Amino acid sequence: MKAIIFDIRSFSVHDGPGIRTSFFFKGCPLRCSWCHNPESQSAAIEVICRNKQLGSFKFSEKVSVGESISLETAIARAKADKLFYEDSGGGITLSGGEPLLQHQFCIALMKAANQEDIHTAIDTSGFATQEVFQQTVAHARLVLFDLKLMQSELHQHHTTKPNHLILSNFNWLQQQNKPLIIRIPLVENITDSVANFEAIRALISTTRNIERIDLLPYHQSANQKYTNLSKTYIHQNMPAYPAEKSEMALQFFADLAPIVSIGA
Amino acid sequence: MDKRIAKLRENSLLAIPTISAERALLITEYFTANPFSHAVAVQRAEAFKYLLDNKHICIQENELIVGERGPAPKATPTYPEISLHSLEDLEILDQREKVSIKVDQSVKNAYQDKIIPFWQGLSQRDKIFSAMTHSWKQAYSAGIFTEFQEQRAPGHTVAGKRLFNTGLLDILEEIKWVRKTKAARGIVQSSWEELEAMEIAAQAMIDHAKRHADELRKQLKNCSDEPRKSELRTMISVCEKVPAHAPQSFHEALQHYWFIHMGIITELNPWDSFNPGRLDQHLWPFYQREIADGSLSKAHATALLQAFWIKFNNHPAPPKVGVTALESNTYTDFALINLGGLTESGADAVNELTYLILDVIKEMRLLQPSSMVQVSKKNPDLFIKSALKITKTGFGQPSFFNTDAIIQQLLRQGKSIEDARNGGASGCVETGAFGTEAYTLSGYFNLNKVLELTLHGGFDPRLKQQIGLKTPKLSAVKTFEELYAAFEQQLNHFIAIKIEGNNRIEELFAHHMPVPFMSLFIEDCVANAKDYNEGGARYNTSYLQGVGLGSITDSLAALKKWVFDSHEIDANSLLDAMQNNFTGHEPLRAQLVFHSPKWGNNDAEADQHAVRVFNSFLKAVDGKPSYRGGVFRINMLPTTSHVYFGSVTAAMPDGREAWKPLSEGISPVQGADIHGPVAVLQSAAKIDHIKTGGTLLNQKFAPEFFDSEEAIDKLCSMIRSYFRLDGHHIQFNVVDAQTLRKAQKNPEAYRDLIVRVAGYSDYFNDLGSDLQNEIIARTAHKSS
Ligand code: SF4
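Please read all numbers here as calculations on a predicted model, not as lab measurements.

Undergrad: Which residues make up the overall build of chain B, and what values go with them?
TA: Along its length, chain B carries 31 helices and 19 strands. Taking 784 residues into account, the globule formula puts the C-alpha radius of gyration at 28 Å, and chain B, at 26 Å, falls close to it. The C-alpha extent of chain B, read off along each of the three principal axes, is 85 × 60 × 55 Å. Here chain B holds 784 residues, and 66% of them are scored as buried. For chain B, contacts bridging at least 24 residues in sequence account for 76% of all contacts bridging at least 6. Split by element, the accessible area of chain B, about 25600 Å² in all, is 52% carbon and sulfur. Here chain B carries 84 positive and 93 negative side-chain charges, and the mean point of each set is 1 Å from the other.

Set out below in structure tokens:
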């Protein structure tokens, strides 16, 4: 079995508890206008030109974004840092893109990890059929769930897809006894309206098992990535999300989880 | 911080390092009046007495702990009997931009008129160089190794229990007893002399402490401030008691140590000065008792410790002679305070005083003494986290050491379990049995230079001489195995030369430079009636330090991949590119840099070479007998020699340009570790740390990484994991590259910026620009 993955990062410390190895699966059904990971959107391996420099020698090099890796390789990578997970309470995180697009592989990888007593987490937008969602998430010991826009038309407008699948999956998830981390992107004038915040609040205030809420303020780091991929970025000139507003958002959600943090 | 302590600290920070000719003049006077005799030890002891009896006693206003090596803080003596500064050397020291040491005209005059005429040709350095063979000298000038004892005496000595539990009068009794029992069994002449020398040295220090008491009495007479008067009275009684008698209070213990420290660094200039070692353990009984009976307050204990810290900072390293400046160019004299670890009976040694001393470190923020924490599996996380919170403030201290690994290393070397548990690390990262072992560092060894010579069939392209054995050149070998075999042959050849040289040097020190005073404190020199430099200590180890593991690993990995496995790069074109320092071969260099396996990424393809080189180095050195009756061992640390070694090594197959610094310690090549810190630790743990006497791993983190409690927890667990893998040491440089660049452009505004260099911290401003650049280049591991 193989999967297309665009990065495997060890010492990932912002995708769940402890020290983790994160697998970034390539391909995403959404197209969020603010996306920080444009290289994760297309499900195919892409070849791009990257400018490099060595001293005063400048050159450009073709590099491929994404690699097809075997389950065995992925399991070996997952196991490599086991000792570090043990001491820190960490494990592996399946992220993306949208990992559920390659759910068979995710299931196999998490099964293997669970057998090795490695903690598993999945970071998902929730955009998948109920069957796929439920089958896959069952193997994760922690779920990181993104809540972007509560109103379906707005969701459609800014991410190109409506949100009812996401919400129904979230509803199911609420019934499960699984630890959750909620992630909310903070994008000025898009996700941070009072109405949206209130709606998110209403949705999660009755949810048990929320371990933490991570507020993810928009920042400009993705500009170069869009250029490399020859994609246009409509938020090219949007300034980073103002710190005062992040602080306000933090206050707004502060009572809903034991830990609420800005930027994970 | 108490106002007066703050003032003393400021005085110490502002004091300008100068050279004092006092010691050199006194030692010259002594030997002019007393021509060299055959009873060398006795004569050295008498010279020591002459120094202590006649040197100026410097006691500053408001000091609590007294004793200065020179006539004023940072007035640094020279040791012409070890290495003689020329007038030109003095000029360089005075004028150089970094780490300058001011030399005034009277010092130059003293050198010209008295010191140079007397010592010319007689210094230990002269003796050493004339005793070395042609091949040793060739290898030395090619930059294959350095020699520690060419400018400083053997040392690397750390105080143990004996020092803190014993008065000099007790030791004088012991000497008498040894003399009696030895006499009954028959004793050689040199032992009689050594015992006599020890007695003279011990008595000289007792008298010297009295001179301090006398000086304090004078100050008391002129003092009108009541609180100070009472302090002076206490200090007088302390100086009248120690070091003659064993200390009985916290204050006495610190003063007792300091008198002995002064004596040892006045007798000679041993490497890494001297070191109180396990300070929280030694002081704990005094502290506990006095806190309990109310005779000591926490505040006063803190003030005494702070005063003690300032004393170290007042004593910069003795200046080197001119040319070897790059090799180790710093004011730091490498006293490394150890905290935590295990007690002699194997229990968690962290106590209340440990945390108090951590607070002192944080508040004093001084370059010297340096500090480290020993972490055993039995120590609590709180201890690690408290230390990390100091590291976070960005002055490179404390660093983290694995007690359980240190104990295994010492046991492997044949120490008893108690002596092992009383041990620790000193200098940069060097393992030792404190108070019972003489473990001298003999020199840095340039692994990459040996590979460079191998690629050229034993020929050094820089000196344009055949220096090594005639083995086939890179273009003449067919397989990687053949190349590696040639490398191993060259390696063994140069290590044999180095070890032979060192044994000669150990012999020269044993014959000409005994240290009867230092020998009083290291077990079992007195019992054996044998000098420290003659092998009198219970354990004797000589270390050789491998340098540039990351660089050589990457070079071998690139050679294997491109020249031997894929044949994509032809041997001759690679040699050609190296010879031209990659000018006109930039794409080739890019291929070597960006597409070869690199050490520090947990990549088996690269890491196998590190393990192999490490094992070859180990095999060539480990267990070879030394003159002092011990054996040679290895450790992997560079101090700053990776810069010097880089400056004599041309471009290499890892894509490193000619004369640029090599990788540091067992850290990856600057910027080559692209998979984050866990991958670095995983690679680093592949070599067998237990078979070394220390390895050095430096990781630079952006300050953001220490921001939250959560981040500190993760770092703490990361240290635990690395230590579970038997890693020996890890240190963190917490500073971002941008700040460093700013500091480089605008040094005035960053005078306080301290960075971790390699096993020690230094002011960023005091580093040479190449070392500054290297620190900037080292990957700043940001959290992902
Ligand atoms: S869900 Fe995430 S990866 Fe997919 S487009 Fe949106 S931001 Fe990008």
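Undergrad: I'd like a rundown of the sheet that holds strand 10 (residues 437–446) of chain B, residues and numbers included.
TA: All names here are of chain B. Sheet architecture is open: 3 strands sit in the order 10-13-14, paired in parallel fashion. Single-partner strands in this sheet number two, and they are strand 10 and strand 14 (631–635). With direction set aside, neighbouring strand axes in the sheet form an average angle of 30°. Lying over the sheet, helix 26 (residues 604–621) contacts strand 10, strand 13 (539–547) and strand 14, oriented at roughly 160° with respect to strand 14.

Undergrad: Can you lay out the sheet that holds strand 8 (residues 142–146) of chain A for me, pointing to particular residues and giving the numbers?
TA: All names here are of chain A. The mixed open sheet is built from 9 strands, whose spatial order is 5-1-2-6-7-8-9-10-11. The sheet terminates laterally at strand 5 (67–70) and strand 11 (259–262), the two strands that pair on one side only. Recorded for the sheet is a direction-independent mean angle of 25° between the axes of neighbouring strands. Pairing between strand 2 (residues 20–25) and strand 6 (residues 91–96): 6 bridges, direction parallel. Counterpart to F25 in the pairing with strand 6 is G96. Against the sheet, helix 1 (residues 71–80) touches strand 1 (2–12), strand 2, strand 5 and strand 6, its axis set at about 80° to strand 5.

Undergrad: Describe the confidence of the model for chain B, naming the residues involved and giving the relevant values.
TA: For chain B, mean pLDDT is 93; residues scoring 70 or higher make up 95% of the total. With a pTM of 0.93, the predicted complex shows an ipTM of 0.92.

Undergrad: Please set out unusual backbone geometry residue by residue, giving values where relevant.
TA: Residue and element names in this part refer to chain B. A cis geometry characterises the amide bond from V242 onward to P243, with omega recorded as 0°. Here P243 is to be found in the loop between helix 11 (226–241) and helix 12 (250–267). Each neighbour pair has its own omega, and for Q368 with P369 the value is -5°, a cis peptide bond. Within the fold, P369 resides in the loop between helix 15 (352–364) and strand 6 (370–375). Phi is positive for N581, which is not a glycine, with a value near 50°. As for its position among the elements, N581 is in the loop between helix 24 (571–579) and helix 25 (586–594).

Undergrad: A description of the interface of chain A and chain B should follow, citing residues and the corresponding values.
TA: Counting from both sides, the interface comprises 24 residues of chain A and, opposite them, 27 residues of chain B. Summed over both sides, the interface between chain A and chain B buries roughly 2200 Å², with carbon and sulfur atoms accounting for 62% of that surface. Across the chain A-chain B interface, the total number found is 3 salt bridges. Close ionic contact of E710 of chain B with R212 of chain A constitutes a salt bridge, the shortest N to O distance being 3.1 Å. Where chain A packs against chain B, one counts 9 residue pairs in polar contact (both at pLDDT 80 or more). Where the side of chain A that touches chain B is concerned, the elements lending two or more residues are strand 1, strand 3 (46–54), strand 4 (57–65) and helix 2 (82–88) of chain A.

Undergrad: Give a detailed account of the nonpolar core, specifying residues and quantitative values.
TA: Judged by nonpolar contacts, the single largest core of 186 residues is most densely connected at F250, L305, W309, F400, F445 and F732 of chain B. With 12 residues, helix 20 (residues 480–512) of chain B is the largest single contributor of residues to this core. With 65 residues, the next largest nonpolar core counts C35, F127, V143 and L250 of chain A among its residues.

Undergrad: Can you explain the environment of R44 of chain B? Please cite residues and give values.
TA: Residue and element names in this part refer to chain B. By secondary structure assignment, the location of R44 is in helix 3 (residues 40–54). Residues R44 and F31, 13 residues apart in the sequence, show an inter-C-alpha distance of 9.7 Å. Not counting the four nearest positions on each side in its chain, R44 is found in contact with R23, I27, F31, E81, E267, L268, H512, M513 and P514. Only 2.9 Å separates the side chain of R44 from the side chain of E81, close enough to count as a polar contact.

Undergrad: Report on the pattern of salt bridges, specifying residues and quantitative values.
TA: Going through the model one piece at a time under the given rule, you end up with 56 salt bridges over all chains. E81 of chain B serves as the salt-bridge partner of R23 of chain B, at 2.8 Å between the closest nitrogen and oxygen. With R23 of chain B in helix 2 (residues 22–33) and E81 of chain B in the loop between strand 2 (75–76) and helix 4 (87–95), this residue pair connects regions lying 58 residues apart in the sequence. With relative accessibility at 0%, the residue E81 of chain B sits in the buried group. Residues joined in a network through salt bridges with shared partners are D15, D123, R183, R212 and D214 of chain A together with E710 and K714 of chain B.

Undergrad: Tell me about the packing of aromatic side chains, residues and numbers included.
TA: All names here are of chain B. For the coordinates displayed, the defined rule picks out 42 aromatic pairs over all chains. Seen in terms of ring centroids, F129 and Y140 are 5.6 Å apart; in terms of plane orientation they differ by 65°. Their pairing is edge-to-face. Of this pair, F129 sits in helix 6 (residues 124–131) while Y140 sits in helix 7 (residues 134–142), and the two are 11 residues apart along the sequence. Taking the centre distance of 4.9 Å and the plane angle of 10° together, the rings of W136 and Y140 count as stacked. Pair noted here: W136 and Y140 are both in helix 7, with a separation of 4 residues, about one helical turn. Assessed through its relative accessible area of 0%, W136 is described here as buried. Owing to a relative accessible area of 17%, Y140 belongs among the buried residues under this scheme. Among the aromatic residues, ring-to-ring pairing joins F164, Y257, W258, F274, F308, W309 and F312 into one connected group. For R152, the ring lying beneath its charged end belongs to W271, and the centroid distance is 5.3 Å. Residue placement shows R612 over the ring face of Y484; its charged tip is 4.0 Å from the ring centre.

Undergrad: Tell me about helix 3 of chain B, residues and numbers included.
TA: What sets the pattern is the α-helix's 3.6 residues per turn: residues three or four places apart point alike. Residue and element names in this part refer to chain B. Taking 1.5 Å per residue, 15 residues should reach 21 Å; helix 3 reaches 21 Å between its end C-alpha atoms and fits that length. All buried positions along helix 3 are accounted for by A41, V42, Q43, R44, A45, A47, F48, L51 and L52. Those residues of helix 3 hidden inside the fold are in contact with helix 2, helix 10 (189–221), helix 12, helix 20 and helix 21 (516–519).

Undergrad: Please set out the environment of I107 of chain A residue by residue, giving values where relevant.
TA: Residues and elements named next belong to chain A. Tracing the sequence through the fold places I107 in helix 3 (residues 103–115). For I107, a relative accessible area of 10% puts it in the buried group. Separated by 142 residues in the primary sequence, I107 and A249 place their C-alpha atoms 35 Å from one another. Once residues within four sequence positions are removed from consideration, I107 is found in contact with Q135, T136 and H139.

Undergrad: Could you give me a rundown of the environment of P38 of chain A, with the residues and numbers involved?
TA: Residue and element names in this part refer to chain A. Structurally, P38 can be placed in the loop between strand 2 and strand 3. Residue P38 is classed as buried on the basis of its relative accessible area of 0%. Put simply, P38 and N223 are 185 residues apart on the chain and 9.6 Å apart in space, counted from C-alpha to C-alpha.

Undergrad: Would you mind going over the side chain of K598 of chain B in detail, with residue names and values included?
TA: Residues and elements named next belong to chain B. Mapped onto the elements, K598 comes out in the loop between helix 25 and helix 26. At a separation of 3.2 Å, a polar atom in the side chain of K598 contacts the main-chain carbonyl oxygen of D654. Sequence-distant contacts of K598, defined by excluding residues within four places in its chain, comprise D554, L592, V593, D603, A606, D607, D654 and A672.

Undergrad: Run through the packing of helix 13 (residues 279–293) of chain B against helix 14 (residues 298–313) of chain B, naming residues and quoting values.
TA: All names here are of chain B. Interhelical geometry of helix 13 versus helix 14 gives an angle of 150° and a closest axis separation of 11 Å. What the angle tells us is that helix 13 and helix 14 run roughly antiparallel. Of the two elements, helix 13 crosses helix 14, and the hand of that crossing is right-handed. The residues of helix 14 that touch helix 13, namely those facing L279, L283, Y287 and I291, are K298, A301, L305, F308 and W309. A class-by-class count of the residues in the contact of helix 13 with helix 14 yields 8 nonpolar, no polar and 1 charged.

Parameters and conventions
- The residue numbers shown here count from 1 along each chain, following its written sequence.
- All chains are assigned letters beginning with A, and all ligands numbers beginning with 1, in the order in which they are written.
- Given that the model is predicted, a residue must reach a pLDDT of at least 70 before its local features are reported, and side-chain atom pairs must reach 80 or more before they are shown or counted; all residues, however, enter totals for whole chains, interfaces and linings.
- Side-chain descriptors were evaluated using all non-hydrogen atoms of the structure, hydrogens and water having been removed beforehand.
- Labels follow the DSSP assignment, with helices taken as runs of H or I lasting at least four residues and strands as runs of E lasting at least two, numbered in each case from the N terminus.
- Radius of gyration means the value over C-alpha atoms here, while the globule rule gives 2.2 Å times the residue count to the 0.38 power.
- Remark: exposure states derive from per-residue accessible area (1.4 Å probe, protein chains only) relative to the maximum for the residue type, with buried under 20%, exposed over 50%, and partly exposed in between.
- A contact between two residues is defined here by any heavy atoms of the two lying within 4.5 Å.
- Throughout, the Shrake-Rupley method with a 1.4 Å probe supplies accessible areas, and for residues the shown protein chains are the sole cover considered.
- Charge counting follows a simple rule: Lys and Arg are positive, Asp and Glu are negative, and His as well as the terminal groups are ignored.
- Note on charges: their place is set at NZ of Lys, CZ of Arg, CG of Asp or CD of Glu.
- Two strands make a pair as long as DSSP finds a minimum of two bridges between them.
- Axis lines are fitted through C-alpha atoms, for helices just across the contact stretch, and the angle between N-to-C directions can take any value from 0 to 180 degrees.
- Confidence scores labelled pLDDT are given residue by residue by the predictor and lie between 0 and 100.
- Buried surface area refers to the total accessible area, computed with a probe of radius 1.4 Å, that the two partners give up upon joining, counted for both partners together.
- Note on definitions: salt bridges are taken to be side-chain nitrogens of Lys or Arg within 4 Å of carboxyl oxygens of Asp or Glu.
- Counted as a polar contact is a pair of N or O atoms within 3.5 Å, where, for protein atoms, one must be capable of donating a hydrogen and the other of accepting one, and residues adjacent in sequence contribute only when both atoms are in side chains.
- The definition of a nonpolar core used throughout is a set of buried Ala, Val, Leu, Ile, Met, Phe, Trp, Tyr and Cys residues joined through side-chain atoms within 4.5 Å.
- Paired rings are identified among Phe, Tyr and Trp, the last through its six-membered ring, by centres lying within 6.5 Å, and are further divided according to the angle between planes into stacked (under 30 degrees), edge-to-face (over 60) and tilted (the rest).
- Lysine and arginine charges are scored as sitting over a ring when NZ or CZ, respectively, is within 6 Å of the ring centre and within 35 degrees of the ring normal.
- Multiplying one less than the number of residues by 1.5 Å gives the expected span of a helix.
- Oblique is the label for any angle not covered by the other classes, which are roughly parallel (under 35 degrees), roughly antiparallel (over 145) and roughly perpendicular (65 to 115).
- Handedness of a helix crossing follows the sense of rotation of the near helix relative to the far helix, less than a right angle counterclockwise being left-handed and clockwise being right-handed.
- We call Asp, Glu, Lys and Arg charged. Ala, Val, Leu, Ile, Met, Phe, Trp, Tyr, Cys and Pro are nonpolar, and the rest, Gly among them, are polar.

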